[in-house]
Each structure stands twice: as C-alpha cells, then as structure tokens.
Amino acid sequence: MALPHRTRRGLLAALVLLSAALLAGGFAHAELTNDQVTGDPSVEQAFRTGDRSPVVAPRPNGTVVATDSNAFVADENDAPRAQAELVAFAPDGRIDYYENEHTRYWDVDPVSGTDATVEFVYADHLDPAECGGDSVCTRNGVERVNLTTGERTDVFSRITPGKHSTRWHDVDRIDDERLLVADIDRDRAFVVNTTTGLTEWEWDAQSDFDVASGGPYPDDWTHLNDVEHVEIDGRDAAMVSLRNHDQVAFIDFERGLLDDWTLGADGEHDTLYEQHNPDYIPPERGGPAVLVADSENSRLVEYQRVDGSWERSWTWSDERMQWARDADRLPNGHTLVTDSNGDRVFEIDTDGEVVWSATVGFPYESERLGTGDESAGGESAASLDLPSRTPSASDGSLLDRVVAALPPKVVNGIAYLFPRWVGVIEGIAALVLVVTLPSWALVEWRRSPRTLELRWPLRIGRK
C-alpha cells in the first residue's frame, strides 16, 4: 500500500532536517574545539606553538611519528594546503622535534649507529614552474634529519608527473649506498645506488601477477606500499606488500618470486585485507613470522611459518582501532602500533594491555628510537606466547555496534575521504542527504503539472 503524498513528503523532510542537523552539529563542534585536524588538542596546540611542556605520557626512549594527514589548513596566504607532519616525542613526553615542510610523510626509519637521526620518505606536490613545464608534478624522496640539531641531508629523490601521494610509501636501507624502494606508481620494487643514481635491481609485479587481479590496472593496480630487505634460506630477498592483492610476497634477488612463501591471496580477506607495513621476524628471533597491520580488517595479525605454510599465531584489536597501518615488535616484547583513522600511536604490552598512547591526527608510521628499525629487535608472537585479543561488538555502545555492522571499506572510506570532523554518523548523514534530496525532488516533480521545455524539439514532463 502506497503512502499518501503528504506522509512521504513529511518523512523525506524529516530525513533531510535530521541529516542536516547532524552535519551542522559535527562541523560546529569541530569549529568550537578547533578540531579540523583530529588529535589531542594539547598535542596539536604544541605543534603550532612549539610549547616544550610534556603533552603525552613518558616512555623510555623517544617515539617518532610520520603523519599522512588528509586535513587541510590555511597557509601564510590563506590558501588551503595539506597538513602533514614529522614529530618526535621525547622520553619525558614533550615534543622534541617537529616539522611540516612536506606535503606527505610516509615511512620513517632510525639510522643505524645513531641515537637521534632518522630517514623518512616524503612527497611534495610541485607547481608547474617547479616542474619545468605546464603541468604539476610530485617529488618523491628520502631525507635524513638529526632530531637534536635539525641538520638535514637529501638522500635520494625522483620527480614524477601529476600531483599524487601514491608514489613511494616505503624505502628500506640495505647498506651505506643502496636503498630498496617501493614504487606504487610503476608496480615495482627496485634497488638504487644513491652514489651513482643507478638502478641495480628491479622486480616488476607484471612478471608474476595477472593484471586482471588486484586493483584497477594501470591506475592503482598493486598499490605496492611496503618493502623490506630480508634473508630467505641464506639469500638476499625483498618482502613486498601488494595491498590491492591482499598479499605479502617474497622475491629472491636472483631467483625471483618465491611462490610458496606468499602470504594471503587476492580477495581472501579473512587472511589479509589491504594491509600495510608487514615486518619480517627471522628464525633466530622465533620466526619465520610476519607481523602485519591488517588495515581494512582494523586489526593486527601475525603469521608463523609452520611446515612450509603460514598459520595465524596472533591477533589483536580493540574497540577504537580503525585502519591500523603499522605495527613494530619491540625488544621488550611490546608492540608499537600506528592506528591511522583511530588518530593514535600506542604501545601494548605482552598481556595485550595498552600501556602508552599518543593521540596524533592521522599518523602513518611510527618508530621507537633505540630499538632498531621496525621489528628488528623483536621476537615472534609464538615465541613470546602473546595472547590474542578481539573486541566484542556487544561490549560497546549502540553506535559502536552500528559501526561494527558496516563493511570495513565503508567505515574506513568515510574516515579517509571526508574532512577529519566527519565521523561515521556524519558520513551516513551526508549519504542520506545525497540520496534523499534527489528522491524528494523527483517525487515533487512527478506530482507537478508543469512541463519541462528544452530548446530543441523535445518535450519532457507531465501534463
């Protein structure tokens, strides 16, 4: 039975008003709290003012965070620009170093043999004049900085056409001269000699994967977002994260893809779902094992290699986790986690409890100084007998249960694509408005006696 027109009009009006009110309320709250860039207000304020007072809880050694912020702030000319940051928290909780000179910050690694020097991957969107032509371009590079003195060194960079952040997300240092680079744009991993500028080794994903798999080819096919120089059976190899294939693959520098070592499969989302930053843990530290930020599943997972296959040995998540993009196993058995859409970097102990946390807007990767590069000093979950943890949706609020029922792609997509003040509720409200307003207009038009006249001999409408 069709509803009377007045009833349908009233329901549509109510939906529009409620959705508009939710969006207006979210925006007003962001304006009131100056929360356009999500994060702890005291931390964000210290970023802007250079305040040297402690803003996070103390923790042994410093913690360095690279952010991939999708928020925008006004520059000195009141023009919008992306707000991305590299920040180091001192052991006492104050901000020891801060910069926001680059468009995006991605991977950050401590430099071996130093106490306070890191190398990081960045992207800079350049104007046509800087690109030597009529079109914009992007500089993708690696830079080194001493967090104490601020001394900076350009390590390596390349310019690519277009204004994109999906070029290089990770670089792993092999030795004093060579870097292993994850090249998203060209779906490859390569080794470059920074002294000569020559490419000494390259693996192209097209040599081993069908272009019908993964993401859209060639626009964003593999999204190869991470590399790590590893040793497999005594031979040099690269571990690569093929995000859009839901796989972590191992490529021997001489023999090529090691098929039987591949973790995950395209579309097999129970294993991995568009992961980031896998870390390899070798046999001497309880492996072979791979610790992964299983991003779209909003969890951390670790897989142990047993009798030639991968078995899940650890899972961790909590009610707040949303699109984790990095996890490092520390020498003390703790795990340092970067939760991008959760706007936090935090540390969990061997009992699975959060023992330290810093709220930072949209972090991409973090490192604990003095503990080695990524999980270089940590042991496997199996050798540590770490307990798994999976939150129950019934333990949360009604909103938590609603969010848990939505597909991960929807929840994470809202958090990534919309301004930082738009949460799941505001995102749903925006979607309702997009659907409801045209529907209401269509209902009213169908009841209207008017006819739409176009300039050529075509008449559309209702009499």
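Residues numbered from 1 in each chain as written. Predicted model: local features only at pLDDT ≥ 70, side-chain atom pairs only at ≥ 80, totals over all residues. Heavy atoms only, no water.

This part is about unusual backbone geometry. The residue after Tyr217, namely Pro218, is reached through a cis peptide bond having omega 0 degrees. The step from Gly287 to Pro288 runs through a cis peptide bond, and the omega angle for that step is 0 degrees. Summarising the element assignment, Pro288 is placed in the loop between strand S19 (276-281) and strand S20 (289-294). Of note in this structure, Asp307 is not a glycine but carries a positive phi near 50 degrees. Phi angles above zero are rare outside glycine, and Asp343 is one such case at about 55 degrees. Mapped onto the fold, Asp343 is located in the loop between strand S24 (335-339) and strand S25 (344-348). Look at Asp343 and you get buried, because its relative accessible area is 7%. (Helix = DSSP H or I, 4+ residues; strand = E, 2+ residues; numbered from the N terminus. Buried < 20%, exposed > 50% of the residue type's maximum accessible area, 1.4 Å probe, protein only.)

Overall, antiparallel pairing links the four strands, which are arranged S10-S11-S12-S13 in an open sheet. Only two strands of the sheet have a single neighbouring strand rather than two, namely strand S10 (168-173) and strand S13 (199-204). With strand direction ignored, the average angle separating the axes of adjacent strands in the sheet is 15 degrees. As judged from the six bridges shared by strand S11 (residues 178-183) and strand S12 (residues 188-193), these two strands associate in the antiparallel manner. Note on S12: the bridge partner recorded for Asp183 is Arg188. (Pairing = 2+ DSSP bridges. Axes fitted to C-alpha atoms, helices over the stretch in contact; angles between N-to-C directions.)

What follows covers a nonpolar patch on the surface. Together, Leu431, Val434 and Val435 make up a nonpolar patch on the protein surface, roughly 290 Å² of accessible area in all. With respect to the helices and strands, Val435 occurs in helix H7 (residues 424-447). (Patch = residues over 30% accessible without salt bridge, like charges linked within 9 Å, V, L, I, M, F, W, Y side chains within 5 Å. Areas by Shrake-Rupley, 256 points an atom, 1.4 Å probe, with all protein chains shown as cover. Salt bridge = Lys/Arg side-chain N within 4 Å of Asp/Glu carboxyl O.)

Spatial ordering of the open sheet is given by S5-S4-S1-S27, a layout of four strands whose pairing is antiparallel. One side of each edge strand has no neighbouring strand; the edge strands of this open sheet are strand S5 (95-99) and strand S27 (363-368). Taken pair by pair, the neighbouring strands of this sheet meet at an average axis angle of 15 degrees, ignoring direction. Bridge analysis of strand S1 (residues 63-67) against strand S4 (residues 86-89) gives four bridges, and the strand direction is antiparallel. Directly across from Val64, in S4, lies its bridge partner Ala88. The sheet strands contacting helix H2 (residues 41-49) are S4 and S5, and the helix crosses S5 at an angle near 65 degrees. (Contact = heavy atoms within 4.5 Å.)

Using the criterion set out here, one finds 25 salt bridges in the structure. Arg188 is paired through a salt bridge with Glu202; the nearest N and O atoms lie 3.4 Å apart. One end of the pair, Arg188, is in strand S12; the other, Glu202, is in strand S13, with 14 residues separating them in the sequence. Judged by its relative accessible area of 10%, Arg188 is buried. Here Glu319 makes a salt bridge to Arg389, at a shortest N to O gap of 3.8 Å. Of this pair, Glu319 sits in the loop between strand S22 (309-316) and strand S23 (324-329) while Arg389 sits in the loop between helix H4 (381-384) and helix H5 (398-405), and the two are 70 residues apart along the sequence. Residues joined by salt bridges that share partners form a network here, namely Arg52, Asp92, Arg94 and Asp96.

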